[in-house]
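Spelled out, the chains give:
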Amino acid sequence: MKTIIEPFRIKCVEPIRMTTREDRSAFLEESHFNLFNLRSDHVLIDLLTDSGTAAMSQEQWAAMMLGDESYAGGRSFYELEERVAAIFGYKHLIPTHQGRAAEHIMFSIAVEPGMLVPNNNHFDTTRANIEFQKAEALDLVIDQGKVPSLDHPFKGDMNVLKLQALIREKGREKIPLVLLTITNNAAGGQPVSMANIKAVYRVCREHGIPLFFDACRFAENAYFIKLREDGYQDKTPAEIAREMFSYADGCTMSAKKDGLVNIGGFIALDDDEWAQKARNLLIMTEGFPTYGGLAGRDLAAIARGIEEVLDEDYLRYRIASTRYLGDHLEEIGVPTVRPPGGHAIFIDARAFLDHLSPEHLPAQALMCALYEEGGIRSAEIGTVTFGRKDHVTGHEIPADMDLVRLAIPRRVYTQSHMDYVLEVIASLTGRKRDIRGLAFTYQPKSLRNFTARFKRV
Ligand code: F0G
């Protein structure tokens, strides 16, 4: 069969509301052209993020009723600890309310001022949490990972030569840990190959530097390895995931992605001393070590989610449905990051709106146009999120790329929703020269995409 159907039927529905173009123009003005300020009731198809937006399964909802809400020693914690040990292979589980809390704790215990933390690409909260420790977050993704149109099976790979040079130049003691983000969200949801994971692992071992994964989308990464890397075709996603994690010393995890839940995260690691330090900080900032920042029922839902996400039928559908959107966009002449990522399709807004310079924020402008045209909400992965204002010249220093991310919530939208998205984008392509650029009217010091305001130029 050619059609890869949604491997579920729908038992509970949530209505979505239609709005008129006129309504949307007014909402856009009111939002100061920042789609984070929109009410979700005013959005028809919400592709802002794949984080915390998954539909849970009947097993997860049933498990929530069995959640143990004890303050200490809760059954749900031990169940999750067991599953994490089985899937990820680490000894210690430290639950947090979401990924960035895990990052904050991890970097508070491991990173000191003046240190350097390499990654393929840091996600914005990861970077912010490292910079908060007065350390530097370095992106060492391979050069192919920076060229949106270039087809390469593992564009999330780290440049190992650059990593070696960095360690040689700065010294091992300056680098408290190396990170690998699987899949690499900031550069297109692109996977990291097992070969690259192993190569980074070998360099880290040689210098005695711990390797950690930012593991939010570990199952999607595992499935890409199965599809694209020699020797993995006959392995299950669970076996591949287990091998991936065997090359790292631990991970930070946002369960809001491949945990298939609406809230939750954790640190998983082997080192006893770091685990102890993390738990002490956890008690101060999140909660007692057997619940972290979560209710017992949340832990119960994560325990099922991390297992369901490795189901092969699910992953086949997940990767195929994302590819469906990406391939059809290419067909209608919309430039996207190739090949399609796991959780999202990224439109190359700088190439698509080539009448706008990066200073005029083409990705933000395209997002606003998609909302106004069809009620679609997306996210900016470009100059607003990763660029900076040069405080000497007052000019914008653009990011490497200006991308609009169409992130696909897990198990939420059907193929007809994606067909609608395609129609909206197709109708914009003929009139794209009418899309005007934007300029900041307000920007905060960090994480500016969330709260910045804009005007049309
Ligand atoms: N790391 C990566 C790679 C992420 O994509 C995210 C979140 C985090 C860490 C932080 O996790 O949200 O649970 O605190 N990404 C979301 C997104 C917000 O839309 O891509 P969190």
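Conventions and cut-offs
- Residues numbered from 1 in each chain as written.
- Predicted model: local features only at pLDDT ≥ 70, side-chain atom pairs only at ≥ 80, totals over all residues.
- Heavy atoms only, no water.
- Near = heavy atom within 4 Å.
- Areas by Shrake-Rupley, 256 points an atom, 1.4 Å probe, with all protein chains shown as cover.
- Helix = DSSP H or I, 4+ residues; strand = E, 2+ residues; numbered from the N terminus.
- Nonpolar A, V, L, I, M, F, W, Y, C, P; charged D, E, K, R; others polar.
- Domains from an automatic or database assignment.
- Contact = heavy atoms within 4.5 Å.
- Buried area = accessible area lost by both parts, 1.4 Å probe.
- Salt bridge = Lys/Arg side-chain N within 4 Å of Asp/Glu carboxyl O.
- Polar contact = N/O pair within 3.5 Å; in protein donor to acceptor, adjacent residues only side chain to side chain.
- Buried < 20%, exposed > 50% of the residue type's maximum accessible area, 1.4 Å probe, protein only.
- Pairing = 2+ DSSP bridges.
- Axes fitted to C-alpha atoms, helices over the stretch in contact; angles between N-to-C directions.

Colleague: Help me get a handle on the site of the ligand, residues and values and all.
Modeller: Around the ligand sit 18 residues, and of these Thr49, Arg100, Ser254, Lys257 and Arg405 come closest. Relative to its unbound accessible surface of 470 Å², the ligand loses 94% to contact with the protein. Elements represented by at least two residues in the shell around the ligand include exactly helix H4 (99-110) and helix H5 (124-132). Counting residues per element, the shell around the ligand draws most heavily on H4, at 3 residues. Its residues placed into classes, the shell around the ligand shows 2 nonpolar, 9 polar and 7 charged.

Colleague: So what's going on with the domain arrangement of the protein chain? Which residues, and what values?
Modeller: Each assigned domain of the protein chain is listed with its residue range as follows: domain 1 (21-50 + 311-456) and domain 2 (58-308). For domain 1 and domain 2, the distance between their C-alpha centroids amounts to 26 Å. Across the contact, 31 residues belong to domain 1 and 38 residues belong to domain 2. Across the domain 1 to domain 2 interface the summed buried area is about 2700 Å²; carbon plus sulfur atoms make up 56%. Across the pair Asp50 and Arg217 runs a salt bridge, and its minimum N-O distance is 2.9 Å. Our count for the domain 1 to domain 2 interface comes out at 16 residue pairs in polar contact (both at pLDDT 80 or more). Split by residue class, the side of domain 1 that touches domain 2 holds 12 nonpolar, 6 polar and 13 charged.

Colleague: Could you give an account of the side chain of His152, with specific residues and numbers?
Modeller: With respect to the helices and strands, the residue His152 is situated in the loop between strand S4 (136-139) and helix H6 (160-170). Here Phe154 takes part through its backbone nitrogen, which lies 3.0 Å from a polar atom of the side chain of His152. With sequence-adjacent residues up to four places away left out, His152 is seen in contact with Ile142, Gln144 and Pro339.

Colleague: A description of the environment of Ile142 should follow, citing residues and the corresponding values.
Modeller: Counting through the fold element by element, Ile142 comes out in the loop between S4 and H6. Judged by relative accessible area, which is 12%, Ile142 ranks as buried. Once residues within four sequence positions are removed from consideration, Ile142 is found in contact with His152, Phe154, Lys155, Asp157, Met158 and Asn159.

Colleague: An account of the sheet that holds strand S9 (residues 344-348) is requested, with residue identities and associated values reported.
Modeller: Taken together, 3 strands build an open sheet; the order of strands is S9-S14-S11 and the sheet is antiparallel. Sheet topology places S9 and strand S11 (379-381) at the edges, where each strand pairs with a single neighbour. On average, adjacent strands in this sheet sit at an angle of 35° to one another, irrespective of strand direction. Alignment of S11 against strand S14 (residues 403-407), held across 3 bridges, turns out to be antiparallel. Opposite Ala379, over in S14, you have Arg405 as the bridge partner. The strands touched by helix H14 (residues 362-374) are S9, S11 and S14; relative to S14, the strand with the most contacts, the crossing angle is about 45°.

Colleague: Run through the pattern of salt bridges, naming residues and quoting values.
Modeller: Two side chains bearing opposite charge may form a pair once their charged atoms approach each other closely. Counted by the stated rule, this structure contains 30 salt bridges. Glu131 is the salt-bridge partner of Arg388, the closest N and O atoms lying 3.4 Å from each other. With a gap of 257 residues between them, Arg388 in strand S12 (residues 388-389) and Glu131 in helix H5 connect regions that are remote in the sequence. Judged by its relative accessible area of 47%, Arg388 is partly exposed. Here Lys226 and Glu312 are joined by a salt bridge, their closest N and O atoms 3.2 Å apart. Taken together, the residues span a long stretch of sequence, with Lys226 in helix H8 (residues 218-228) and Glu312 in helix H12 (residues 312-331) at a distance of 86 residues. Looking at Glu312, the relative accessible area reads 24%, which means it is partly exposed. The network of salt bridges with common partners includes Asp50, Arg217, Glu220, Asp258, Arg318 and Arg410.

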